[in-house]
Amino acid sequence: MAKGRPSTVFFCNECGYESSKWMGQCPACKAWNTFVEEPVVKTAQSARTGTRKNAPEPMSVSAVSPESMKRCKTGMSELDRVLGGGIVPGSLVLVGGDPGIGKSTLLLQLCRNLSSQQHKLLYISGEESLGQIKMRAERIGSFTDDLLLLCETDLADIEQVIRKHKPEVVIIDSIQTMYSENVTSAPGSVSQVREATNTLMNIAKSLSVTVFIVGHVTKEGTVAGPRVLEHMVDTVLYFEGDRFASYRILRAVKNRFGSTNEVGVFEMRGDGLAEVEDPSALMLSGRPKDSAGSCVVCCMEGTRPILVEVQALVCRSGFGIPRRQAAGTDLARVNLLMAVLEKRMGYKMSECDAYINVAGGMKMSEPAIDLGIALSVVSSFCNIVIPEDLVVFGEVGLSGEVRSVSLAEGRAMECRKLGFSGIMMPGSNASSIKGLKDIKVYAVNNLADAISALK
Ligand code: TYD
Ligand code: MG
């Protein structure tokens, strides 16, 4: 009878787009060759017509008690900051990141801190054996008996355990290993991940348990099986950083309970992740002295100013088409700034290769770093050394003007805190900042001012 009706559907592995037939390119996220076939998940449908006995009652806003929003501190101020001030009971938090970046370590540390405050915790791993978790736990520190460990991948069993033990916080490591018997496709597939998240969301909301879900990121930079998950959870945190550099950045991409432009900075040590309270000092360590092409800029990560070094290398190209590369910043922006320098300032850079690097592996896209990029390019091109105790910030417009940036005062305070003796900033910002008597302020209105201040 059901003959002819499709019993499978195709999902985009990248974004979860659903289609009845296979496609080469996903119409939603434009990824190629990402469609996978999965069986149709049948959900029971109840006929909801007429008056029901237990119809839900809506409530007025004033009647809802704000008590349920009471946050619980994690004992790691960097994590609290990213979560918007602590853990909200009953929230569902996705922690994404490349494999090996430190997601399990971070969450186990969270468990250690919370268990020492007598919170009941359950750490469910579908990836590692109890012995392996224990090995990691020994590196991290001592745990109390309030932390329970479980190696399980079957969601029905997991639900039973949660209902029985009633922990306050549950860690699911990782969502890609979990499976539900209601869905026939393999663990890690779009339907399984969707179903698993749905189940966990129901548990979180009904029992007021906070659930942290670990999600692995595939090469393309999305959690596998993935944006499906992002809109279902309350908070999405991404753990970034070079696996070979020791520091890690935890970024909130979505947060129903706080700001999304907060970052937390951690450093991977032998005994787990350590919080970095002063990221600027870390980013600037090992900076070269008296070298052309290096410039310290101040960019904001959320409400937090971070100083980083921008390096430029401009050299004559051996080929017809010059090579331009940017690491840690937007290449299109670099090309634009170089075009502005060429047209407005007369630097003949169209035959030059240019390589821009944000040292330390940070990714910055804020317009306030424009002036720093432009000056480091000029510095490398003309072989002028930018004073090492000078910090630069400002947005550069197409006619070479230097435009004001937001939160200039916070940036200036950070520069002073780190002991810099000079700040170059947009003229319009400089006039509004008071209390910078001990620092030399170079107020510039255009690129010509900025470059002549260096000479
Ligand atoms: P892990 O948390 O297992 O990564 P993920 O869960 O994101 O896949 O972290 C693994 C890496 O961290 C591994 O390369 C070893 C390193 N590490 C340390 O350097 N110090 C430590 O104390 C721990 C526990 C791990
Ligand atoms: Mg892990």
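Structure: see above.
Let me begin by describing the structure that accompanies this report. Since this is a predicted model, take the numbers as computed values, not measurements.

**A word on the overall build of the chain**
Secondary structure summary: the chain contains 12 helices and 21 strands in total. The principal-axis extent of the C-alpha atoms belonging to the chain is close to 80 × 55 × 50 Å. Residues counted as buried form 47% of the 455 residues belonging to the chain. Restricting the contact set of the chain to residue pairs at least 6 apart, pairs at least 24 apart contribute 67%.

**Notes on the site of ligand 1**
Around ligand 1, 15 residues are found, and the nearest of them are Ser-104, Thr-105, Arg-136, Arg-269 and Gly-272. Contact between ligand 1 and Ser-104: an oxygen atom at 2.5 Å from a side-chain N or O atom of the residue. For ligand 1, whose accessible area on its own is 560 Å², the fraction buried by protein is 76%. If you list the elements that add at least two residues to the shell around ligand 1, you get α2 (103-116), α3 (130-140) and β11 (263-269).

**Some details on the packing of aromatic side chains**
The full count for this structure, using the stated rule, is 3 aromatic pairs. Between Phe-239 and Phe-266, the ring centres sit 6.1 Å apart and the planes meet at 85°, which makes this aromatic pair edge-to-face. With Phe-239 in strand β9 (residues 235-240) and Phe-266 in strand β11, this residue pair connects regions lying 27 residues apart in the sequence. For the pair Phe-239 and Phe-266, one class covers both residues: buried. Arranged with centres 5.8 Å apart and planes meeting at 80°, the rings of Tyr-347 and Phe-381 form a pair that is edge-to-face.

**Things to note about the side chain of Asn-113**
By the element assignment, Asn-113 lies in helix α2. In contact with Asn-113, other than residues within four places in its own chain, are Thr-74, Gly-75 and Met-76.

**Observations regarding the pairing of β9**
With 5 of its 6 residues buried, β9 lies for the most part within the structure. Relative to β9, strand β4 (residues 92-97) runs parallel, the two being bridged by 5 bridges. Across the sheet, residue Gly-97 finds its bridge partner in β9, namely Phe-239. As paired elements, β9 and strand β10 (residues 247-255) share 6 bridges and run antiparallel to each other. Residue pairing in the sheet places Val-236 in a bridge with Lys-254 of β10.

**With respect to helix α12 (residues 447-454)**
Residues of α12 that are buried include every one of Leu-447, Ala-450, Ile-451 and Leu-454, and no others. Taken around the axis of α12, the buried residues stretch over an arc of 90°, which confines them to a single face.

The rules behind these values
- Residues numbered from 1 in each chain as written.
- Chains lettered and ligands numbered in written order.
- Predicted model: local features only at pLDDT ≥ 70, side-chain atom pairs only at ≥ 80, totals over all residues.
- Heavy atoms only, no water.
- Helix = DSSP H or I, 4+ residues; strand = E, 2+ residues; numbered from the N terminus.
- Buried < 20%, exposed > 50% of the residue type's maximum accessible area, 1.4 Å probe, protein only.
- Contact = heavy atoms within 4.5 Å.
- Near = heavy atom within 4 Å.
- Polar contact = N/O pair within 3.5 Å; in protein donor to acceptor, adjacent residues only side chain to side chain.
- Areas by Shrake-Rupley, 256 points an atom, 1.4 Å probe, with all protein chains shown as cover.
- Phe/Tyr/Trp six-rings, centres within 6.5 Å; stacked < 30°, edge-to-face > 60°.
- Pairing = 2+ DSSP bridges.
- Arc of directions from axis to C-beta.

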